Amino acid sequence: MNILVINGPNLNLLGIREPEIYGRGTYDELCALIRREAEALGAEPEFFQSNHEGALVDAIQSAYGRMDGIILNPGAYTHTSVALLDAVKAVGVPTVEVHLSDPDTREPFRRISYVRAACVATVKGRGFQGYLDALRLLCRGGFSRGR
Ligand code: DQA
């Protein structure tokens, strides 16, 4: 299983950024945690983080024909980006939406997720553990490609 782990804007600042919401663990620590779990599951993770919407679209497109799953935390683009929704639909790679916090219990503008409609599952409010849950879900499989 080749799994692409994509993190959107400001997630490179994990550990510094609003630790009361996102925790004290850093982006590098998150990647190391996922790498360890992937090893145990026999999966091969690849990591990508960007603050730029177009770069995130490019990363999703790069998964086509190459990756078996995507773990996607689009950050604030969750709530604004039709382009990310379209990219996930376009490549047809099973994608799990992940959020460290639970956006549905925060400000009203965080309640909309465009990308959710194209995802096979959403994991939210579980901190770093949510990425591991997503990894396990994808490794368990049973998701059809293409939609
Ligand atoms: C987030 C939630 C979003 O609302 C926010 O803009 C983020 C992080 C999360 O992981 O909880 O950047 O995706």
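Residues numbered from 1 in each chain as written. Predicted model: local features only at pLDDT ≥ 70, side-chain atom pairs only at ≥ 80, totals over all residues. Heavy atoms only, no water.

**Focus: unusual backbone geometry**
At Asn 10, a residue that is not glycine, the phi angle is positive and equals roughly 75°. Looking at Asn 10, the relative accessible area reads 36%, which means it is partly exposed. (Buried < 20%, exposed > 50% of the residue type's maximum accessible area, 1.4 Å probe, protein only.)

**Section: the pattern of salt bridges**
All chains considered together, the criterion is met by 10 salt bridges. Two residues, Asp 104 and Arg 116, come together in a salt bridge whose shortest N-O distance is 3.6 Å. Taken together, the residues Asp 104 in the loop between strand S4 (95-99) and strand S5 (121-124) and Arg 116 in the loop between S4 and S5 connect sequence positions 12 residues apart. Under the relative-accessibility criterion, Arg 116 is labelled partly exposed at 26%. In this structure, the salt-bridge partner of Asp 104 is Lys 124, at a minimum N-O distance of 3.0 Å. (Salt bridge = Lys/Arg side-chain N within 4 Å of Asp/Glu carboxyl O. Helix = DSSP H or I, 4+ residues; strand = E, 2+ residues; numbered from the N terminus.)

**As for the side chain of Asn 73**
Locating Asn 73 in the fold gives a position in strand S3 (residues 69-73). A relative accessible area of 3% places Asn 73 in the buried class. A distance of 3.5 Å separates a polar side-chain atom of Asn 73 from the backbone oxygen of Val 98. With residues near it in sequence (within four places) discarded, Asn 73 still touches Ile 6, Asn 7, Gly 8, Leu 11, Val 98, His 99, Leu 100 and Tyr 131. (Polar contact = N/O pair within 3.5 Å; in protein donor to acceptor, adjacent residues only side chain to side chain. Contact = heavy atoms within 4.5 Å.)

**Things to note about the packing of helix H3 (residues 53-62) against helix H4 (residues 82-91)**
It is at 9 Å that the axes of H3 and H4 come closest, and there the two elements cross at 10°. Judged by the angle between their axes, H3 and H4 are roughly parallel. On H4, the residues that touch Glu 53, Leu 56, Val 57, Ile 60 and Gln 61 of H3 are Ala 83, Leu 84, Ala 87, Val 88 and Val 91. Looking at side-chain class alone, the contact of H3 with H4 contains eight nonpolar, one polar and one charged residues. (Axes fitted to C-alpha atoms, helices over the stretch in contact; angles between N-to-C directions. Parallel < 35°, antiparallel > 145°, perpendicular 65-115°, else oblique. Nonpolar A, V, L, I, M, F, W, Y, C, P; charged D, E, K, R; others polar.)

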